[in-house]
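Chain residues, written in single-letter form:
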Amino acid sequence: MSERTGGTPPRTLAEALRTRDDDALAALLRTRPDLLSPVPNDLSQLATRAGTRASVMRALERLDRFTLQTAEALAASTDPAPYEALLALMTGDEGDARVESALPRAVAALREQALIWGADDRLRLVRTAREILAPSPGHPSPTGLGPTVAEATAGMSPGRVQEIIATAGLPSTHDPVSAVTALAALFTDRTRMAALLDTAPPDALSVLDRLVWGPPYGEITSRPAPPVQWLRDHGLLLPTSTRTVVLPREAALHLRGGRAHRIAEPDPPAILPHPSASSAASSAVSRPQVVDSAAAAQAYTALETVEELAKEWNEGGPNVLRAGGLSVRDLKRTAAALDVTEPVAAFWVELAYAAGLLAADGEADERYAPTPAYDQWPDLPPAERWARLATAWLGATRTPGLVGGQDSKGRTLAALGPDLDRGAAPEVRRHVLDLLSSLPEGTAPDPESVLARLRWERPLRGAAAGRPEDLRARIAAWTLNEAEMLGVTGRGALSSHGRALIAPEAVAGGSTGAFPKPASRAATGADLPAAGVHAARVLAPHLPEPLDHVLLQADLTAVAPGPLLRPLAETLSVIADIESRGGATVYRFTPASVRRALDAGQSASDLHAFLAAHSRTPVPQPLSYLIDDMARRHGHLRIGSASAYVRCDDEAVLDEILADRRSQGLRLRRLAPTVLAAQADPTTLLDGLRTMGLAPAAESAEGDVLVTRAHAHRTPPRTPPAPVPDGPPVPAPTLLGAAVRAIRAGDQAATVVRKTLPEPAGAAAPGGGELPRTTSAETLATVQAAALTGSALWIGYVNAEGAASQRVIAPVRVEGGFVTAYDHTADEVRTYPLHRITGVAELADDPA
């Protein structure tokens, strides 16, 4: 793309932007959406905003490694630099066909984002980008290059410069500027430079080898060794301080063979299959089906885990910390209840929170509990429930992997705490899944190749993190694990419903074989609900059908060989405790679990009938004996409130209770042969007697047995947490079109050629950017004439808030102290009070 104005090279970035068409301007605003907040008044303001440090840094952080290497090479080159010089810096003397073919794409990307401008014979890097990327002592360049000869000798005495060029065999000059130019010319002349290095001592060449690829700075003593002294005398090492020298950029480039980078990386690293994924060709056909089955089984496990978490917090979960979030102790308890590790428990808690199924209740003694939305969630089909979890995970900015780490102030990050949002998380998750989808179906990726690809695509963000593994890489590693736990992947490979989640059109229409950009392929936040619906349809056939039976065993266990129907699972979880989960769930019957069922209102006959109806094996005698024994003992003791009392028809049982040391804390005393009174509340009395191995039952004031049921605790209606965006969102096409029209119109108003009018007596001549000044009579007459002729005017206008602006209008009607005109700046018809128009001027060339 040639950026020229009327055959003349542009002198500024604003002039270069004026040569772009509307599509190119829209592409700039799309790739750098921060430039739109607010919409610039004209192209000059757009160019100024595009050159600010914050905006340039944000744009550089989103460049891939090769495009960034191209910008770094431009920063180390002359300004402006022809394309041929840039190509030489990127390919070196030996050339590189891959770099040569990829360089036009990188230059086009930099130009599209307004980081460089000018024609190919005069490429200019934006000044702010040059300041960020150019080599300097305070901020070494990734190229490893040092300052130029002119920069390194800026503080050197003229006599010392003359000594250097004389030692290098150059004729003396009359001024230091020409001397520096002659020394730089020597270093850039390959023939003369090679001849000079042929005379260097071998140890001096070894010193240069250590500095050539950077860092280019070295420390010396007050009496340097002969090889270092030789390099200093010939200008190959120039002093930057009394103890520090630097290898000039021109000399380093000669030693490097003209290359700015040791290794140019024009192509992104390939996503490789996992080393363990290699298998015989005969098994490759069935692999996608195996992946889908494994992912579907894990998806069902995910649903059960979230339900188990909600049951655990059904009557009110852990208290909310004063600073927000779960305490470490409560997270450990939750992990133990779910039979998972603490990091995994943090993931499930955060997932349920992101899906709007759990939240804080907002009461004075604030606790976490299921939301009202959870009560409808279990009634949905399993595939739809999974889709809700998956879409919540994919679009959430909350990052569970951070739990247990520390923030910038050294405070521990808590699950459900306020500091877990990372705006880059949704983009990284989607992109990781996109990379998985680029592999053949059923192939698991090598995690290291995924991380290498991400580092290539966003190298500056990793470098800015100041550590080997930046946040994006950690989010990517967490994504691979979380996708497996959630059932998006199976055996490490992306499942068919996972593909539908990120690219519904790819599943519906078939893969094209090409790998488009992630932004154009992955489901965005607005598309996630529709993508979830499609993913649910793809997942549904792979989910196992719920079973209506279990297998009872003689060791007081029941094995569910698959997922159970909801009523069966809920009843069984009351009668028995879950011992293990997996492909088959194992339930264990204990005295406490049977008593729990009796407390819930079940009778022994109900339990026998339930087990006989839902067991494919005969009910074992030990289980029948356990139920009958607990039913016979259940309710033998009656607890009431007196504060509390115990009554029993068997006086011997009461005698045993009074004699037991464990009952001393209950402070019991006999009121009657069959009644004991306690100074403890009924609940404490019930728990105390149960710890003694008894099976008491609570009774009402009328003497009836109370059926105790868990009281569900719910939060008020809550919406899921809103994602925190990573910078401004990508603007919609409608907004882009309107912004481009507004910028064009504002630029026309600012640059239009207008006729000069006689200035009122005593008025100062208008300068650049000042509003036109005319009298009220002149303003009215000019506007009326323009309305009759249909011509356009340039006006100065001050609104009701006192904000001044320049506009180009085409008056249509003038009456009642108002002018109705088509405003070219706003691209719409507006009405302006005449008394707010500071002045008018006719245009030399009518823009209409």
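These numbers were taken from a predicted model, which means no experiment stands behind them. (Residues numbered from 1 in each chain as written. Predicted model: local features only at pLDDT ≥ 70, side-chain atom pairs only at ≥ 80, totals over all residues. Heavy atoms only, no water.)

A. Spatial organisation of unusual backbone geometry. Note the cis peptide between Asp79 and Pro80, where omega equals 0°. Here the amide bond leading from Gly214 into Pro215 is cis, since omega sits at -5°, within 30 degrees of zero. Along the chain, Pro215 falls in the loop between helix 13 (202–211) and strand 3 (217–219). With a phi angle near 65°, Leu416 is a residue other than glycine that sits in the positive phi range. (Helix = DSSP H or I, 4+ residues; strand = E, 2+ residues; numbered from the N terminus.)

B. Representation of the sheet that holds strand 23 (residues 837–842). Across the sheet, 5 strands lie side by side as 22-21-20-19-23; this open sheet has antiparallel pairing. In this open sheet, the two edge strands, each paired with only one partner strand, are strand 22 (828–833) and strand 23. On average, adjacent strands in this sheet sit at an angle of 45° to one another, irrespective of strand direction. Judged from the 6 bridges that link them, strand 19 (residues 793–798) and strand 20 (residues 804–815) form a sheet pairing that is antiparallel. If you follow Val798 over to strand 20, its bridge partner there is Ala804. (Pairing = 2+ DSSP bridges. Axes fitted to C-alpha atoms, helices over the stretch in contact; angles between N-to-C directions.)

C. Layout of the pairing of strand 11 (residues 557–560). Both faces of strand 11 are covered, namely the face carrying Thr557 and Val559 and the face carrying Ala558 and Ala560. Summarising the sheet, strand 10 (residues 551–553) and strand 11 pair through 3 bridges and their orientation is antiparallel. Within strand 11, the residue paired with Leu551 across the bridge is Val559. What sits between strand 10 and strand 11 in their antiparallel hairpin is a turn of 3 residues, with Leu556 showing a positive phi close to 65°. (Buried < 20%, exposed > 50% of the residue type's maximum accessible area, 1.4 Å probe, protein only.)

D. Main features of the sheet that holds strand 3. Strand order in this open sheet of 3 strands is 3-5-4, and the pairing throughout is antiparallel. Each end of this open sheet is capped by a strand with a single partner; those strands are strand 3 and strand 4 (238–239). Of the strand pairs in this sheet, strand 3 and strand 5 (residues 244–246) are connected by 3 bridges, and their pairing is antiparallel. Note on strand 5: the bridge partner recorded for Gly218 is Val245.

E. Geometry of the pattern of salt bridges. The full count for this structure, using the stated rule, is 34 salt bridges. Ionic pairing is found between Arg111 and Asp120, a salt bridge with its closest N-O pair at 3.3 Å. Note on Arg111: relative accessible area 3%, which makes it buried. Looking at Asp120, the relative accessible area reads 39%, which means it is partly exposed. Salt-bridge contacts for Glu307 lead to Arg385; the nearest nitrogen and oxygen are separated by 2.6 Å. (Salt bridge = Lys/Arg side-chain N within 4 Å of Asp/Glu carboxyl O.)

F. Fine view of the side chain of Thr334. Tracing the backbone through its elements, the reader meets Thr334 in helix 18 (residues 328–338). Note on Thr334: relative accessible area 3%, which makes it buried. With sequence-adjacent residues up to four places away left out, Thr334 is seen in contact with Leu309, Trp313 and Val349. (Contact = heavy atoms within 4.5 Å.)

G. Helix 7 (residues 97–112), seen in detail. Taking 1.5 Å of rise per residue, the 16 residues of helix 7 would be expected to cover 22 Å, and the 24 Å separating its terminal C-alpha atoms lies within 8% of that figure. Maximum bend of helix 7: about 35°, positioned at Leu103, with proline Pro104 one to four residues after it. Listing the buried residues of helix 7 in full gives Val99, Ala102, Leu103, Ala106, Val107, Leu110 and Arg111. Among the structural elements, helix 5 (65–75), helix 6 (83–91) and strand 1 (116–117) are those in contact with the buried residues of helix 7. With a side-chain oxygen lying 3.0 Å from the backbone nitrogen of Arg98, the N-terminal cap of helix 7 falls on Asp96. With its phi angle positive at about 60°, Ala114 sits one or two positions after the end of helix 7. (Expected span 1.5 Å × (residues − 1). Bend = angle between axes of the 7 residues up to and from the residue. Polar contact = N/O pair within 3.5 Å; in protein donor to acceptor, adjacent residues only side chain to side chain.)

H. Geometry of the confidence of the model for the chain. Overall, the predicted model of the chain reaches an average pLDDT of 84, with 88% of residues at or above 70. This stretch, residues 278–286, has a pLDDT under 50; its non-local contacts, to residues over four places away or in other chains, come to 1 contact. Taken together, the stretch residues 506–526 has pLDDT below 50 and engages in 32 contacts with residues farther than four places along the chain or on a different chain. (pLDDT = per-residue confidence, 0-100.)

I. Inspection of the packing of helix 17 (residues 287–312) against helix 19 (residues 342–354) at higher detail. Across the interface, helix 17 lies against helix 19 with an axial gap of 10 Å and an inter-helix angle of 85°. As far as their axial angle goes, helix 19 and helix 17 are roughly perpendicular. Together, Ala302, Thr305, Val306 and Leu309 of helix 17 and Trp348, Val349 and Ala352 of helix 19 make up the contact between the two elements. For the contact of helix 17 with helix 19, a count of residues per class yields 6 nonpolar, 1 polar and no charged. (Parallel < 35°, antiparallel > 145°, perpendicular 65-115°, else oblique. Nonpolar A, V, L, I, M, F, W, Y, C, P; charged D, E, K, R; others polar.)

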